[in-house]
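If you want the building blocks of each chain, they are given just below.
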Amino acid sequence: MTAENTTENTTENTAENTAENTVNVEDVEESWNVVASTEHFAGRIITVRTDTVEMPGGVTADRDYVVHPGSVAVLALDGEDRVLLIRQYRHPARRLLWELPAGIRDVPGEPLVECAARELAEEAAYRARTWHTLVDLRTSPGMSDERIRVFLARDLEPIPDEENTYVRHHEETDMPAVWIPLGAAVDKALNGMIHNSPAVAGILAAYAASADGFKGLRPADAPEA
């Protein structure tokens, strides 16, 4: 490579880096105009809808999607840096999936951390004294408006049997739980042994956040963008 080519490549790389640095890499709210909307199905939890949306250039396009109330999930981490995973049958996937305790936002106005604490108690019979926001997810934004907030829960204690009055039904009837080291959970996620999206995201986020002892995490009541 000649000195001239080296200079050209360096200039191009510098220009690219400068351009990248001027872009604010942060998701922002945006809503394109909807000229028509049709509801095809309304179930107990979800609704299926088609919106006709104005696109750039003055054209329109139909977008099918699922309207969802949103969810929460809990990455529970004990004093030995072990993650609590539960196994649940998921019919659309035709799989038994290892997951985090999680649930739907089904109580209007309930703070998300309280919803998460309730799910941790119901699905795993644990309570936690320390809560942080771990990561926020849009599970499949091309086909659903579902949002999931994954919390980090620490300083755990089991709920005594006499205080645990929750009765499990359907898929939750047979739902084994295990504690595995956080590093081992990362390996399983990266090796395709864990597929549930909030579980994978929560495990990787917790591993990254552990580098500074979780000091960089947002508070449990952080606003949801």
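Residues numbered from 1 in each chain as written. Predicted model: local features only at pLDDT ≥ 70, side-chain atom pairs only at ≥ 80, totals over all residues. Heavy atoms only, no water.

**Q** Could you clarify how one ought to interpret the overall build of the protein chain in this entry?
**A** A tally of regular secondary structure across the protein chain gives 4 helices and 11 strands. Looking at the 225 residues of the protein chain, the share that counts as buried comes to 34%. Contacts in the protein chain between residues far apart in sequence, at least 24 positions, make up 57% of those at least 6 positions apart. When the accessible surface of the protein chain is totalled, it reaches about 14000 Å², and 51% of it is carbon and sulfur. (Helix = DSSP H or I, 4+ residues; strand = E, 2+ residues; numbered from the N terminus. Buried < 20%, exposed > 50% of the residue type's maximum accessible area, 1.4 Å probe, protein only. Contact = heavy atoms within 4.5 Å. Areas by Shrake-Rupley, 256 points an atom, 1.4 Å probe, with all protein chains shown as cover.)

**Q** Please clarify how the environment of Ala205 should be interpreted in this entry.
**A** Structurally, Ala205 is set in helix α4 (residues 197–209). Sequence separation between Ala205 and Val186 is 19 residues, and the spatial gap between their C-alpha atoms is 9.7 Å. With sequence-adjacent residues up to four places away left out, Ala205 is seen in contact with Leu134 and Val135.

**Q** What is the right way to read the packing of aromatic side chains from this model?
**A** Two measures describe an aromatic ring pair: the distance that separates the ring centres and the angle between the ring planes. Counting across every chain of the model gives 2 aromatic pairs. Relative to Trp179, the ring of Tyr126 has its centre 5.4 Å away and its plane inclined at 80 degrees; by these criteria the two rings are edge-to-face. In this pair, Tyr126 is assigned in strand β8 (residues 126–138) and Trp179 in strand β10 (residues 177–181), connecting sequence segments 53 residues apart. Here the aromatic rings of Trp131 and Phe151 are separated by 6.1 Å at their centres, their planes lie at 80 degrees, and the arrangement is edge-to-face. Of this pair, Trp131 sits in strand β8 while Phe151 sits in strand β9 (residues 147–158), and the two are 20 residues apart along the sequence. (Phe/Tyr/Trp six-rings, centres within 6.5 Å; stacked < 30°, edge-to-face > 60°.)

**Q** Is there a simple way to explain the sheet that holds β9 in this structure?
**A** In a beta sheet, neighbouring strands are held together by backbone hydrogen bonds and run either parallel or antiparallel to one another. Across the sheet, which stays open at both edges, the 5 strands sit in the order β7-β4-β9-β8-β11 with mixed pairing between neighbours. At either margin of the open sheet sits one strand with a lone partner, and together these are β7 (102–104) and β11 (218–219). Pairing of strand β4 (residues 71–76) with β9, which is carried by 6 bridges, proceeds in the parallel orientation. Considered in β9, the bridge of Ala76 is made with Ala153. Against the sheet, helix α2 (residues 112–124) engages β4, β7, β8 and β9, with an angle of about 115 degrees to β8. Contacts between α4 and the sheet are confined to β4, β8 and β9, with β8 contributing the most and set at about 105 degrees to the helix. (Pairing = 2+ DSSP bridges. Axes fitted to C-alpha atoms, helices over the stretch in contact; angles between N-to-C directions.)

**Q** What exactly am I supposed to notice about α4 here?
**A** Within an α-helix, residues lying three or four positions from one another point in the same direction, as the helix has 3.6 residues per turn. For α4, built from 13 residues, the straight-helix expectation of 18 Å at 1.5 Å per residue is met to within 8% by its first-to-last C-alpha distance of 18 Å. Buried within α4 are the following residues: Pro198, Ala199, Gly202, Ile203, Ala205, Ala206 and Ala209. Taken together, the buried residues of α4 touch β4, β5 (82–90), β6 (95–99), β8, β9 and α3 (182–190). Two to three positions downstream of the cap, the backbone nitrogen of Ala199 sits 3.0 Å from a side-chain oxygen, assigning the N-cap of α4 to Asn196. (Expected span 1.5 Å × (residues − 1). Polar contact = N/O pair within 3.5 Å; in protein donor to acceptor, adjacent residues only side chain to side chain.)

**Q** I would appreciate a short explanation of the pattern of salt bridges in the present structure.
**A** Two side chains carrying opposite charge are able to pair once their charged atoms lie near each other. Scanning the entire structure with this criterion turns up 10 salt bridges. In this structure, Glu157 engages Arg127 in a salt bridge whose closest nitrogen and oxygen atoms are separated by 3.6 Å. Here Glu157 is found in strand β9, whereas its partner Arg127 is found in strand β8, with 30 residues between them in sequence. Within the structure, one salt-bridge network assembled from shared partners comprises Asp106, Glu110, Arg118 and Glu119. (Salt bridge = Lys/Arg side-chain N within 4 Å of Asp/Glu carboxyl O.)

**Q** Can you walk me through the packing of α3 against α4 in this structure?
**A** Packed helix pairs are characterised by how far apart their axes lie and by the angle those axes make with each other. Where α3 meets α4, the closest approach of the two axes is 9 Å, and the angle between their N-to-C directions is 135 degrees. Looking at the two axes, α3 sits oblique to α4. For the pair α3 and α4, the sense of crossing is left-handed. Counting all contacts with α3, which are made through Leu182, Gly183, Ala185, Val186, Ala189 and Leu190, the residues of α4 involved are Val200, Ile203, Leu204, Ala206 and Tyr207. By residue class, the composition of the contact of α3 with α4 is 10 nonpolar, 1 polar and no charged. (Parallel < 35°, antiparallel > 145°, perpendicular 65-115°, else oblique. Left-handed = near helix turned anticlockwise from the far one by under 90°. Nonpolar A, V, L, I, M, F, W, Y, C, P; charged D, E, K, R; others polar.)

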